[in-house]
Amino acid sequence: MSTEPPQGTAGTKGELSDLRGLRTVLRLSFVADRRRATATLLMFALRPLGQVLAVVWLGLLVDAAGRGDTSSAWGYALASALTMGLTVLVMRLSLNVSALMIENTAHHADLRMQSLANRIPGLGHYENPAYLDRLEHLRQERQHLAEGADVVGLELGVLVRTLATVALLALISPWLLLLPLATLLSLAAGRHAERLRQTALTEAAADLRRARDLFQLASSPDAAMELRVFGLAPTIEARHADSTERARATLASANWRGLWLTTLGWAVFSTGYLTALLLVVAAYRNGTASVGQVVLALLLITGMNLQIDLLVRFTKALLRMARAGALYDWLERFSAAERVTGTGVLPPERLTDGITLRGVTFRYPGTSGTPVLDAVDLRLPAGSVVALVGENGAGKSTLVKLLAGFYRPTSGELLADDVDLTAVAPEAWRAQVTAAFQDFARLEFTLRDVVGVGDLSRAEDPDALIGALDQAAAGDLAERLPLGLDTPLGSSFPDGAKLSGGQWQKTALARSAMRETPLLLLFDEPTSAIDAVAEQELLDRYLLTARTLTRATGAVAVIVTHRLSTLNHADLVVFLKHGKVHEFGPHQELLANGDDYARLFELQRRAYR
Ligand SMILES: Nc1ncnc2c1ncn2[C@@H]1O[C@H](COP(=O)(O)OP(=O)(O)OP(=O)(O)O)[C@@H](O)[C@H]1O
């Protein structure tokens, strides 16, 4: 799988990766805004020729004036003024065009990145620190993705100007070529400084990500109450300061080393500059250069100061942009590699046998030691409601995630009838699944969309939406909200309605009720945020509805709950312990066995009496 990080800028592989990155950012600009990208590239690349030409006219003007040829002198003055005016006009125009092009490209790149990250079907990459670090690095550098045509145009322009300057200087005295040589050394130093910065950014990525997460924690309304009750602000601030300080130290050290290198480069350039001036004076005294040529050479040499500064700056920007492009390339390859998982096999249209787990063992990616699920054998018959119970950490949610296709078993088989689910594309399988999770999403849309996205084909059908809300005991929500189904929910809208945690969870439950004929219904603690009385009622209702649906369609419903009193509505109970199936059978049978399940049930019964 080609999901390795982009190589560093050192070495052949690094150069290739940078070149590919450069091509990628240019492609982004041209796909986002072809017309403006072309105009920006051409205007930035050709404008500097006008600046050189204006100076050449000046040299000719001085010689013409020296010869007493007034009419030629006037002509050269006019040509110089016109060239200069045109150059300034093109500059203004190119700045406007490039600003719009950058805006459009940034928008396009943001959409593409969201799509690449969200289309990865599984969740395993969230376990992978290398993925998270690279994504953090890409987030930090992402504004450079939009600058493709802009920076390449500027770099080409300054190169064109430098080449024209070099050619003119060589005509006056070949020794003057020492100045561009000194310039190249200065450039190499600048380039090395940029590499140091990039390496430091990679090293600091983990600390920067942690600092950002801590900042989000400190400013998020979700954690606000606990932070206050436990007085956690100083701890979080201290940890944030630690991470920031470590990242700052890494970046500062690279900056210092970069500064030394840049200073050295400038010292070399200044020596070359002085030598060039002395050479021009010598050429005039030897009579090998005219006054006009001396003026031209001096203007070119003094202009070179700014030109080199621009060359170093644009080359740095080009490298930074190429690196951002290489990171984006990596995300594209990673996302594509993660997506090529299905083999064209489709899930059955209807279950006749059920869902079978054979020797399913699972470890989270990047972990070793005892597996979270250990050789699990289970048959969940078609048309049944199965309850998954067990202590905290027993592996219930993990089993649900495997059933939903978020992860693949480390070993063993997962079958829907006789179809091996590892051969089915996760998206194709999930189109047949509906689910509600303990960690439900608070989708800040209108109530209509929050529920409707559960089944887009019925998203505009008010009866379907109200029916789903009723099933989640939230039928009154649409009536109580000011704009009914069209009420925007959440604080990202200026007038968004604020829902309680339980109300949000009910919207997630209603969303799951929108799919009419799923093969698998997954409910992982779907009522954890709902008050005890409503929870009991809701679970009872859900289990009964699930029972009717599964009987009618052959689907399997799996529900994880700690509320065992509702489980007499389930057909089968799976009691997980340390990742193994400890007990399995109908509720009454497990009670009669008098093992762990029966003890837990009795404990809860007494507690709720
Ligand atoms: N993303 C993850 N990466 C690594 N280990 C994980 C991850 N998620 C869960 N685990 C580990 O897997 C084990 C089972 O977790 P799981 O969430 O499946 O348990 P559970 O039975 O659903 O627990 P609970 O009742 O508390 O929700 C735990 O030991 C947990 O530490």
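Quick notes on the rules
- Residues numbered from 1 in each chain as written.
- Predicted model: local features only at pLDDT ≥ 70, side-chain atom pairs only at ≥ 80, totals over all residues.
- Heavy atoms only, no water.
- UniProt positions renumbered as here; feature names shortened; annotations may be inferred.
- Helix = DSSP H or I, 4+ residues; strand = E, 2+ residues; numbered from the N terminus.
- Buried < 20%, exposed > 50% of the residue type's maximum accessible area, 1.4 Å probe, protein only.
- Areas by Shrake-Rupley, 256 points an atom, 1.4 Å probe, with all protein chains shown as cover.
- Domains from an automatic or database assignment.
- Pairing = 2+ DSSP bridges.
- Near = heavy atom within 4 Å.
- Polar contact = N/O pair within 3.5 Å; in protein donor to acceptor, adjacent residues only side chain to side chain.
- Nonpolar A, V, L, I, M, F, W, Y, C, P; charged D, E, K, R; others polar.
- Arc of directions from axis to C-beta.
- Contact = heavy atoms within 4.5 Å.
- Axes fitted to C-alpha atoms, helices over the stretch in contact; angles between N-to-C directions.

- The name given to the protein chain in an unreviewed UniProt entry is ABC transporter ATP-binding protein, with Streptomyces koyangensis as the source organism.
- Turning to the protein chain, the UniProt record has this under Subcellular location (unreviewed entry): "Cell membrane".

## Some words on the overall build of the protein chain
Alright, step 1. From N to C terminus, the protein chain includes 18 helices and 10 strands.
Alright, step 2. Considering the protein chain as a whole, with its 609 residues, one finds that 46% of them fall into the buried category.
Alright, step 3. Taken as a whole, the protein chain presents about 29,700 Å² of accessible surface, with 60% of it coming from carbon and sulfur.

## Here's the deal with the domain arrangement of the protein chain
How big an interface is tends to be expressed through the accessible area that disappears when the partners come together.
Alright, step 1. Assigned domains within the protein chain: domain 1 (12-339) and domain 2 (383-403 + 425-608).
Alright, step 2. Using C-alpha coordinates to define each centre, domain 1 is positioned 53 Å away from domain 2.

## Re the UniProt feature "domain: ABC transporter" (unreviewed entry) in the protein chain
Alright, step 1. According to UniProt, the positions carrying the feature "domain: ABC transporter" (unreviewed entry) are residues 355-603.
Alright, step 2. Here residues 355-603 is 34% helix and 23% strand, with 31 Å between the C-alpha atoms at its ends.

## Observations regarding the UniProt feature "transmembrane region" (unreviewed entry) in the protein chain
Alright, step 1. In the numbering adopted here, UniProt assigns the feature "transmembrane region" (unreviewed entry) to residues 41-62, 74-95, 163-188, 258-284 and 290-312.
Alright, step 2. Between the C-alpha atoms that bound residues 41-62 there is a distance of 34 Å. The span itself is 100% helix and 0% strand.
Alright, step 3. With 100% helix and 0% strand, residues 258-284 has its two end C-alpha atoms placed 39 Å apart.

## Description of unusual backbone geometry
Alright, step 1. The backbone of Glu525 sits at a positive phi, close to 45 degrees, despite the residue not being glycine.
Alright, step 2. Inspection of the secondary structure assignment puts Glu525 in the loop between strand 7 (520-524) and helix 16 (532-553).
Alright, step 3. Of note, the phi angle at His578 is positive, near 45 degrees, even though the residue is not glycine.
Alright, step 4. Inspection of the secondary structure assignment puts His578 in the loop between strand 9 (572-577) and strand 10 (580-585).
Alright, step 5. What makes His578 exposed here is its relative accessible area of 62%.

## Quick look at the pairing of strand 9
Alright, step 1. The buried fraction of strand 9 is high, at 5 of 6 residues.
Alright, step 2. Relative to strand 9, strand 3 (residues 385-390) is paired through 5 bridges, and the arrangement is parallel. Paired with Ala387 across the bridge in strand 9 is Val573.
Alright, step 3. Where strand 9 lies against strand 10, 5 bridges are found, and the strand directions are antiparallel. Directly across from Leu576, in strand 10, lies its bridge partner Val581.
Alright, step 4. Here strand 9 folds back onto strand 10, and the loop between the two strands holds 2 residues, one of which, His578, carries a positive phi near 45 degrees.

## Re the site of the ligand
Alright, step 1. Contacts to the ligand come from Glu127, Tyr364, Val372, Glu391, Asn392, Gly393, Ala394, Gly395, Lys396, Ser397, Thr398 and His562.
Alright, step 2. Lys396 has a polar side-chain atom sitting 2.8 Å from an oxygen atom of the ligand.
Alright, step 3. Within the side chain of His562, a nitrogen or oxygen atom sits 3.4 Å from an oxygen atom of the ligand.
Alright, step 4. By residue class, the composition of the shell around the ligand is 3 nonpolar, 6 polar and 3 charged.

## A short note on helix 7 (residues 221-229)
Alright, step 1. Along helix 7, the positions that sit buried rather than exposed are Ala223, Ala224 and Leu227. Down the axis of helix 7, the buried set is contained in an arc of 125 degrees. They therefore lie on one face. Summarising the geometry of helix 7, the exposed residues directed more than 90 degrees from the buried face are Asp222, Met225, Glu226 and Val229.
Alright, step 2. Packed against the buried residues of helix 7 are helix 6 (178-219) and helix 8 (233-286).
Alright, step 3. Within two residues after helix 7, Gly231 carries a phi angle of roughly 55 degrees, on the positive side.

## Some details on the sheet that holds strand 4 (residues 411-416)
Within a sheet, each strand pairs with its neighbour through backbone hydrogen bonds, oriented either parallel or antiparallel.
Alright, step 1. Taken together, the 4 strands give an open sheet; going across it, the order is 2-1-4-5, and neighbouring strands pair in antiparallel fashion. The open sheet is flanked by strand 2 (373-381) and strand 5 (419-420), the only strands paired with a single partner.
Alright, step 2. Where strand 1 (residues 354-362) and strand 4 come together, 5 bridges link them in antiparallel fashion. Across the sheet, the residue bridging to Ile355 is Ala416, located in strand 4.
Alright, step 3. In the packing of helix 10 (residues 396-403) onto the sheet, the strands contacted are strand 1, strand 2 and strand 4, and the crossing angle to strand 1 comes to about 120 degrees.

## Quick notes on the pairing of strand 1
Alright, step 1. Buried residues dominate strand 1, accounting for 7 of its 9 residues.
Alright, step 2. Pairing of strand 1 with strand 2 involves 6 bridges; the strand directions are antiparallel. Paired with Ile355 across the two strands is Leu380, which belongs to strand 2.

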